[in-house]
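Single-letter residue listing:
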Amino acid sequence: MGWLEGEVALVTGAGSGLGRALVDRFVAEGANVVAVDRSADRVAEVEAAHSGAVTGVVGDVRSGQDNQRSVAVCVEAFGKLDCYIANAGLFDYGAGVVDTDMEQLDRGFDEIFAVNVKGYLLGVKAAVAALQQSGGSVLLTASMSSWHAGVGGVVYTASKHAVVGLVRQLAYELAPRVRVNGVAPGFMRTDIRGPESLGLGERTPSSIPNLEQMATAVVPLNFLPQPADYTGHYVQLASRANGATTTGAVIECDAGLGVRGLGLPTG
Ligand SMILES: NC(=O)c1ccc[n+]([C@@H]2O[C@H](COP(=O)([O-])OP(=O)(O)OC[C@H]3O[C@@H](n4cnc5c(N)ncnc54)[C@H](O)[C@@H]3O)[C@@H](O)[C@H]2O)c1
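Conventions and cut-offs
- Residues numbered from 1 in each chain as written.
- Predicted model: local features only at pLDDT ≥ 70, side-chain atom pairs only at ≥ 80, totals over all residues.
- Heavy atoms only, no water.
- Pairing = 2+ DSSP bridges.
- Helix = DSSP H or I, 4+ residues; strand = E, 2+ residues; numbered from the N terminus.
- Axes fitted to C-alpha atoms, helices over the stretch in contact; angles between N-to-C directions.
- Contact = heavy atoms within 4.5 Å.
- Core = buried A, V, L, I, M, F, W, Y, C linked by side-chain atoms within 4.5 Å.
- Buried < 20%, exposed > 50% of the residue type's maximum accessible area, 1.4 Å probe, protein only.
- Expected span 1.5 Å × (residues − 1).
- Arc of directions from axis to C-beta.
- Near = heavy atom within 4 Å.
- Polar contact = N/O pair within 3.5 Å; in protein donor to acceptor, adjacent residues only side chain to side chain.
- 1 Å grid on protein atoms, 1.4 Å probe; cavity = no way out; pocket = protein on both sides within 12 Å on 5 of 7 lines; lining within 4 Å.
- Sits in = over half its atoms within 2 Å of the grid points.
- Nonpolar A, V, L, I, M, F, W, Y, C, P; charged D, E, K, R; others polar.
- Points joined across faces, edges and corners; volume = space filled by probe spheres on them.

Participant: So what about the sheet that holds strand E3 (residues 54–58)? Which residues, and what values?
Facilitator: One open sheet accounts for seven strands, arranged E3-E2-E1-E4-E5-E6-E7; its pairing is parallel. Every other strand in the sheet has two partners, leaving E3 and strand E7 (250–253) as the edge strands with one partner each. Looking at each pair of strands side by side, their axes are set apart by 15° on average, direction ignored. The pairing of strand E1 (residues 8–12) with strand E2 (residues 32–37) spans five bridges and is classified as parallel. The residue bridging Ala9 from the neighbouring strand is Val33, located in E2. Running at roughly 175° to E3, helix H2 (residues 40–49) makes contact with E2 and E3 of the sheet.

Participant: Let's hear about the nonpolar core: which residues, and what values?
Facilitator: Core analysis: the largest hydrophobic core is formed by 40 residues, its most contacted members being Leu10, Leu81, Tyr84 and Leu140. Contributions of two or more residues to this core are made by E1, E2, helix H3 (64–78), strand E4 (83–86), helix H4 (102–134), strand E5 (137–141), helix H5 (154–174) and strand E6 (179–185). Looking at which element gives the most residues to this core, the answer is H4, with 11 residues. Setting aside its immediate chain neighbours within four residues, Leu10 contacts Val34, Val36, Ser70, Val71, Cys74, Leu81, Cys83, Tyr84 and Ile85.

Participant: Give me the environment of Leu200: which residues, what numbers.
Facilitator: Topologically, Leu200 is positioned in the loop between E6 and helix H6 (211–218). In this structure, Leu200 is in contact with Asp92, Tyr93, Arg193, Gly194 and Pro195, ignoring residues within four places of it in sequence.

Participant: Describe H3, listing the residues and the values that go with them.
Facilitator: For H3, built from 15 residues, the straight-helix expectation of 21 Å at 1.5 Å per residue is met to within 8% by its first-to-last C-alpha distance of 21 Å. Taken residue by residue, H3 has Asp66, Asn67, Ser70, Val71, Cys74 and Phe78 as its buried positions. One side of H3 holds all its buried residues, which, seen down the axis, span an arc of 135°. Away from its buried face, by an angle of more than 90 degrees, H3 presents the exposed residues Gln65, Gln68 and Glu76. Contacts from the buried residues of H3 go to E1, E2, E3, E4 and H4.

Participant: Lay out the site of the ligand with the relevant residues and their values.
Facilitator: Around the ligand, the structure places 28 residues, and the nearest of them are Ser16, Asp37, Asn87, Tyr156 and Thr190. In this structure, Ser16 approaches the ligand through a side-chain N or O atom, which is 2.6 Å from an oxygen atom. Using a 2 Å cut-off from the grid points, one finds that the ligand occupies the largest pocket. Elements with a contribution of two residues or more to the shell around the ligand: helix H1 (17–28), H4 and H5. Here the residues of the shell around the ligand are counted per class, giving 10 nonpolar, 11 polar and seven charged.

Participant: Describe empty space enclosed by the protein, with residues and values.
Facilitator: In total, this model carries one cavity of 30 Å³ or more according to the counting rule given. Empty space within the largest cavity amounts to approximately 40 Å³. If you trace the largest cavity, you find it lined by Leu4, Glu7, Val8, Ala9, Phe26, Ala31, Asp82, Cys83 and Ala238. Partitioning the lining of the largest cavity into residue classes produces seven nonpolar, no polar and two charged.

Participant: Just give me the short version of the layout of surface pockets, but keep the residues and values in it.
Facilitator: Of the volumes computed, that of the largest pocket is approximately 1100 Å³. Lining the largest pocket we find 49 residues, and of these Gly89, Phe91, Thr190, Ile192 and Arg193 sit closest to its centre. The set of elements that each furnish at least two residues to the lining of the largest pocket consists of H1, E2, H4, H5 and H6. Here the lining of the largest pocket is composed, by residue class, of 21 nonpolar, 17 polar and 11 charged.

Here is the structure:
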């Protein structure tokens, strides 16, 4: 018996990387899932992989109407919504304030915040009535960049700090009926893209060939996690039996980045 038997979840950015791993794990735990992504091919693929248990929606999280349509499809297909997972995101590949020109910074900020922050908020807004009805929960994908500088650039880092603000304010506003939490993963190899406005629309982590060695060297737990390695945190927080006492929390699961320390000699 899985931890999410009979539950219904909606995952955004469900066609690739962490979102796809979340769909696979939630189905394995007994949930039905609505998989939302802007890529029609990826939506078709994830739906086909879980025939019956997953309904796909092609949509853009930046659009209020698309978010409302995704939730409507969910309630129509599965009768309710228990867990809304906002996860679709863009990365800025470390674009810095000095080297990015004014025009690009202006447009890059709008593009990244539109997906990473506004997309999360509009998604929750669309889902809130269904979640209040089911007494469900919200999960937001944060990042090691929700606390640490120097992995992303200034815009990505600010957007992921903003996700912590969303978790805390929404947890306050939606209690006692709906729990709101975040999960803050660290390094992993996915297909994450950058904003078109920074010329990063086709950039992927494959442009960082030494990612595995870099992550292994940097994190105290000495390995590069796979997207699936992060899914257990979402399952626990989504579970009514195992997550009932937790709201307003963001789980840091970045293989120990926050306790890396300065490596000073102690003797
Ligand atoms: N990759 C990492 O190292 C890493 C680390 C920490 C946190 N994260 C976070 O994990 C989340 C998932 O990223 P990933 O690494 O799995 O990336 P990914 O690109 O592999 O998957 C993201 C999916 O979101 C979709 N998407 C992008 N913009 C969208 C939009 N406007 N509307 C609908 N769908 C859209 C893409 O088509 C893609 O299928 C993001 O929030 C990211 O910030 C990633």
